[in-house]
Amino acid sequence: MYVTLTIVFLILLLLFVFYGWGLIMRRSGQTDDQEGEKCSLCRGQFPKDTLIEREVGDFKLFYFCIECIKGLANDAKQLSDHSHQ
Ligand SMILES: [Zn+2]
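Everything quoted here is computed from the prediction, not taken from an experiment.

Parameters and conventions
- Residues numbered from 1 in each chain as written.
- Predicted model: local features only at pLDDT ≥ 70, side-chain atom pairs only at ≥ 80, totals over all residues.
- Helix = DSSP H or I, 4+ residues; strand = E, 2+ residues; numbered from the N terminus.
- Buried ≥ 20, exposed ≤ 12 C-beta atoms within 10 Å, placed from the backbone.
- Pairing = 2+ DSSP bridges.
- Domains from an automatic or database assignment.
- Expected span 1.5 Å × (residues − 1).
- pLDDT = per-residue confidence, 0-100.

J.: Help me understand the environment of Arg-26, please; the structure alone is not making it clear to me.
T.: Mapped onto the secondary structure, Arg-26 falls in helix α1 (residues 2-34). For Arg-26, a count of 9 C-beta atoms within 10 Å translates into the label exposed. Each C-alpha atom of the pair Arg-26 and Lys-48 lies 20 Å from the other, and the pair is 22 residues apart in sequence.

Right, here's the structure in full:
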């Protein structure tokens, strides 16, 4: 009885490991296919055509998502409001 249970448990464990491995493989494959980039501020993954691209120096590229830029614009507005007072 215990032997059977152990075998079933081992099989389930193996299935679980393979399932998890498959998920990881599929996820890493997806990020390659999608041409997505990470926003440099919030680290969220976005499609490249929804991100603003800025080059810093000769090789470093930064991407910013719309939400972060809105946040920056808000901050900039507050700064300019302060400087006018
Ligand atoms: Zn962002």
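The discussion continues.
J.: Just checking my understanding: could you explain the pairing of strand β4 (residues 60-64) for this structure?
T.: Both faces of the sheet carry side chains from a regular strand, because those side chains alternate between them. Relative to β4, strand β3 (residues 52-56) is paired through five bridges, and the arrangement is antiparallel. Looking at the pairing, Arg-54 lines up with Phe-62 of β4. The turn linking β3 back onto β4 is made up of three residues, and Gly-57 within it adopts a positive phi angle of 70°.

J.: Could you clarify how one ought to interpret the domain arrangement of the protein chain in this entry?
T.: Frequently, the measure chosen for interface size is the accessible area removed from exposure when the parts meet. Parsing the protein chain into structural domains produces domain 1 (1-34) and domain 2 (35-85). Computed from C-alpha coordinates alone, the two centres of domain 1 and domain 2 are separated by 39 Å.

J.: Would you explain the environment of Gly-57 in this entry?
T.: Looking at the element boundaries, Gly-57 is found in the loop between β3 and β4. Take Gly-57: there are 6 C-beta atoms within 10 Å of it, and that puts it in the exposed class. Distance in space between the C-alpha atoms of Gly-57 and Leu-72 is 21 Å, their sequence separation being 15 residues.

J.: What is the right way to read helix α2 (residues 66-84) from this model?
T.: For an α-helix the count is 3.6 residues per turn, leaving residues at separations of three or four pointing the same way. With 19 residues, α2 ought to run about 27 Å at 1.5 Å a step, and its terminal C-alpha atoms sit 27 Å apart, in line with that. Burial analysis of α2 places just zero of its 19 residues in the buried class, a small minority of the element.

J.: Explain the confidence of the model for the protein chain to me, please; I cannot follow it from the model alone.
T.: Reading predicted coordinates in detail is not appropriate for stretches of low pLDDT. Of the residues in the protein chain, 91% reach a pLDDT of 70 or more, and the chain-wide mean stands at 87. Looking across the protein chain, the model is least confident in α1, with a mean pLDDT of 80, and most confident in strand β2 (residues 45-47), with 94.

J.: Is there a simple way to think about unusual backbone geometry in this case?
T.: Peptide bonds are mostly trans, and most non-glycine residues show a negative phi. If you check the backbone angles, Arg-43 has positive phi at about 65° while not being a glycine. Positionally, Arg-43 belongs in the loop between β1 (36-38) and β2. A count of 8 C-beta atoms within 10 Å places Arg-43 in the exposed class.

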